[in-house]
Amino acid sequence: QGNTAFSDRKLRGLLRTRGLSLLKPWRRSPYRRDFIRFDRGSLQAYYHRKGYLSARVDSVRVDSIPGNPRKVDVHFHVTEGPLSRLTGILLEGTEPLSDAAVRRHLKQKPDAPVDIPLIEADRQAIEDRYADVGYVAAQVRDSLLLEDGRATLLYRIEPGVVARLGTIGVEGIRTTRGRA
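Figured I'd write up the structure that's included with this text. All figures in this text were calculated on a predicted structure; none of them were measured in a lab.

So, how was this worked out
Residues numbered from 1 in each chain as written. Predicted model: local features only at pLDDT ≥ 70, side-chain atom pairs only at ≥ 80, totals over all residues. Heavy atoms only, no water. Pairing = 2+ DSSP bridges. Helix = DSSP H or I, 4+ residues; strand = E, 2+ residues; numbered from the N terminus. Axes fitted to C-alpha atoms, helices over the stretch in contact; angles between N-to-C directions. Contact = heavy atoms within 4.5 Å. Phe/Tyr/Trp six-rings, centres within 6.5 Å; stacked < 30°, edge-to-face > 60°. Buried < 20%, exposed > 50% of the residue type's maximum accessible area, 1.4 Å probe, protein only.

## What about the sheet that holds strand β5 (residues 150-158)?
Logical step 1: Taken together, the 3 strands give an open sheet; going across it, the order is β3-β5-β4, and neighbouring strands pair in mixed fashion. Looking along the sheet, the strands with just one partner apiece sit at the ends: β3 (85-92) and β4 (139-147). Here the average twist between neighbouring strands, direction ignored, is 20°.
Logical step 2: Helix α4 (residues 116-132) contacts β4 and β5 of the sheet and is inclined by roughly 150° relative to β4.

Structure (structure tokens):
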């Protein structure tokens with residue numbers, strides 16, 4: 001209850017708690033409190049991943065079905081809140097790479113809903129890009145500044161020092177098979 005951004009069907013598909021099925025009437029779906037707790041967290045996490053950063057699943061109501069005390073109806077109460085959109089991506093400390101070279105590797109784009117897993121993937125992509133050019137100890141920190149449904153993403157990059165390859169040695173092999 002309270003969902004407008006996503007359909008009941010979509011949200012129901014995220015749940016471990018299952019109702020009766022017309023297609024599989026033999027399937028039993030026991031009521032389990034641990035599933036309810038898990039489902040509450042799953043719904044909230046799904047909303048957060050889709051840019052509804054203040055979304056909450058406030059309560060879960062369980063009602064006995066009249067005439068059958070062994071069956072219950074479960075209601076999840078969702079407060080969606082505003083959709084947070086990314087208004088800008090700031091990069092700090094990109095040297096020795098250019099701003100444009102770093103931005104090419106970002107999947108999260110301005111004006112899109114904030115996607116926390118995508119932000120994490122972009123942070124890792126930046127670290128990987130620096131490692132590709134020798135800065136294997138590069139550290140990237142991300143900050144998300146929220147204001148009235150608008151978000152600004154800041155990546156602080158500390159490339160560190162360039163790692164240079166020293167000597168390469170192979171030990172323990174006395175003879176090798178030649179090419180055939």
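## Describing the side chain of Thr94
Logical step 1: Within the secondary structure, Thr94 sits in the loop between β3 and α3 (99-103).
Logical step 2: With sequence-adjacent residues up to four places away left out, Thr94 is seen in contact with Asp99, Val102, Tyr130 and Ile157.

## Description of the packing of aromatic side chains
Logical step 1: Summed over all chains, the structure comprises 5 aromatic pairs.
Logical step 2: Plain terms: the ring middles of Phe6 and Tyr47 are 5.1 Å apart, the flat faces sit at 75° to each other, and that makes the pair edge-to-face. Placement of the pair is Phe6 in the segment before α1 (8-12) and Tyr47 in helix α2 (residues 33-49), with a sequence separation of 41 residues. In this pair, the class of Phe6 matches that of Tyr47, namely buried.
Logical step 3: For the ring pair Phe6 and Tyr52, a centre distance of 5.9 Å and an interplane angle of 75° mean the geometry is edge-to-face. Here Phe6 is found in the segment before α1, whereas its partner Tyr52 is found in the loop between α2 and β1 (56-65), with 46 residues between them in sequence. A single burial state applies to Phe6 and to Tyr52, both of which are buried.

## Comments concerning the pairing of β5
Logical step 1: In this sheet, β5 lies alongside β3 in parallel orientation, the contact comprising 7 bridges. Bridge pairing in β5 links Arg85 to Arg150.
Logical step 2: The hairpin formed by β4 and β5 contains 2 residues between the paired strands, and Asp148 there has a positive phi angle of roughly 50°.

Shape descriptors only; they carry no functional weight alone.
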